[in-house]
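# Report on the structure
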Amino acid sequence: MKMPENLDPEMIAPCGINCLGCKAHIMQKKTCPGCLSDSPTKAASCRNCLIKTCAAEHGLKSCGECQTFPCRLITHIDKRYCLRYSLSLVENGLFLKQNGMEAFLDREKERWTCPECGGVICLHNHICSSCLKKYETAGSG
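Residues numbered from 1 in each chain as written. Predicted model: local features only at pLDDT ≥ 70, side-chain atom pairs only at ≥ 80, totals over all residues. Heavy atoms only, no water.

## A short note on helix H4 (residues 72-85)
Taking 1.5 Å per residue as the helical rise, H4 with its 14 residues ought to reach 20 Å, and the 19 Å between its terminal C-alpha atoms agrees with that figure. Restricting attention to buried positions, one finds in H4 the residues Ile74, Ile77, Asp78, Tyr81 and Tyr85. Along the axis of H4, the buried residues cluster in a sector spanning 115°; they form a single face. Residues of H4 that are exposed and angled more than 90 degrees away from the buried face: Arg72, His76, Lys79 and Leu83. Where the residues of H4 are buried, they touch helix H3 (50-57) and helix H5 (89-112). Two residues or fewer after H4 comes Ser86, characterised by a positive phi angle close to 55°. (Helix = DSSP H or I, 4+ residues; strand = E, 2+ residues; numbered from the N terminus. Expected span 1.5 Å × (residues − 1). Buried < 20%, exposed > 50% of the residue type's maximum accessible area, 1.4 Å probe, protein only. Arc of directions from axis to C-beta. Contact = heavy atoms within 4.5 Å.)

See the structure below:
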């Protein structure tokens, strides 16, 4: 899977995860259309996400826009993502809040594009979806 020329803001989950780099989007036979979609093909964990529900109830696209950011829901998942995937959702939310969606999309494109082939690097295992090169961390080229 190649990184698209322009990233769709709808592929950014409220928690700050770039759905393009999610294993469910990259690896499933029926590609997950992203957190914000109502498609039945997306992972059950995304369909039942408390963070997505909370953001929707507050009329927010990004948790970083919330008055109580980072809340307990975000700090809980942030710990897991920092430890397992070297990805801070708190940092993503703060970047979004301070710089806006366009700058965030530019950063995400650079961060998750394989410098070898232009494929999408999976945020969960840091393997390029096209050439299968393994990276230590995002953007480590």
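## Details of unusual backbone geometry
In this structure, the amide linkage connecting Phe69 to the following residue, Pro70, adopts the cis form with an omega of -5°. Checked against the element boundaries, Pro70 lands in the loop between H3 and H4. A positive phi angle, close to 55°, is found at Ser86, a residue other than glycine. Tracing the chain through its elements places Ser86 in the loop between H4 and H5. Ser86 gets classed as partly exposed once you look at its relative accessible area, which sits at 47%. Phi is positive for His126, which is not a glycine, with a value near 60°. Tracing the sequence through the fold places His126 in the segment after H5. Taking the relative accessible area as the measure of exposure, His126 reaches 4% and is therefore buried.

## Let's talk about the side chain of Asn125
On the secondary structure map, Asn125 appears in the segment after H5. A polar contact is formed between the side chain of Asn125 and the backbone nitrogen of Ile127, at a distance of 3.0 Å. Those residues in contact with Asn125 that lie beyond four places of it in its chain are Lys23, Met27 and Lys134. (Polar contact = N/O pair within 3.5 Å; in protein donor to acceptor, adjacent residues only side chain to side chain.)

## So, the environment of Asp78
Its location among the elements puts Asp78 in helix H4. When the C-alpha atoms of Asp78 and Ser88 are compared, they prove to be 5.6 Å apart, with 10 residues separating the residues in sequence. Setting aside its immediate chain neighbours within four residues, Asp78 contacts Leu87, Ser88, Leu89 and Val90. From its side chain, Asp78 meets the backbone nitrogen of Leu89 in a polar contact 2.6 Å long.

## Some remarks on the environment of Thr53
Here Thr53 is to be found in helix H3. Through-space distance from the C-alpha of Thr53 to that of Met101 is 20 Å; in sequence the pair is 48 residues apart. Of the polar contacts made by the side chain of Thr53, one reaches the backbone oxygen of Cys49; its length is 3.0 Å.

## Focus: H3
Taken together, the buried positions of H3 are Ile51, Lys52 and Ala55. Down the axis, H3 shows its buried residues gathered within 100° of arc, on one side only. Counted as exposed and oriented over 90 degrees from the buried face of H3: Leu50, Ala56 and Glu57. Following H3 by one or two positions, Gly59 adopts a phi angle in the positive range, close to 70°.

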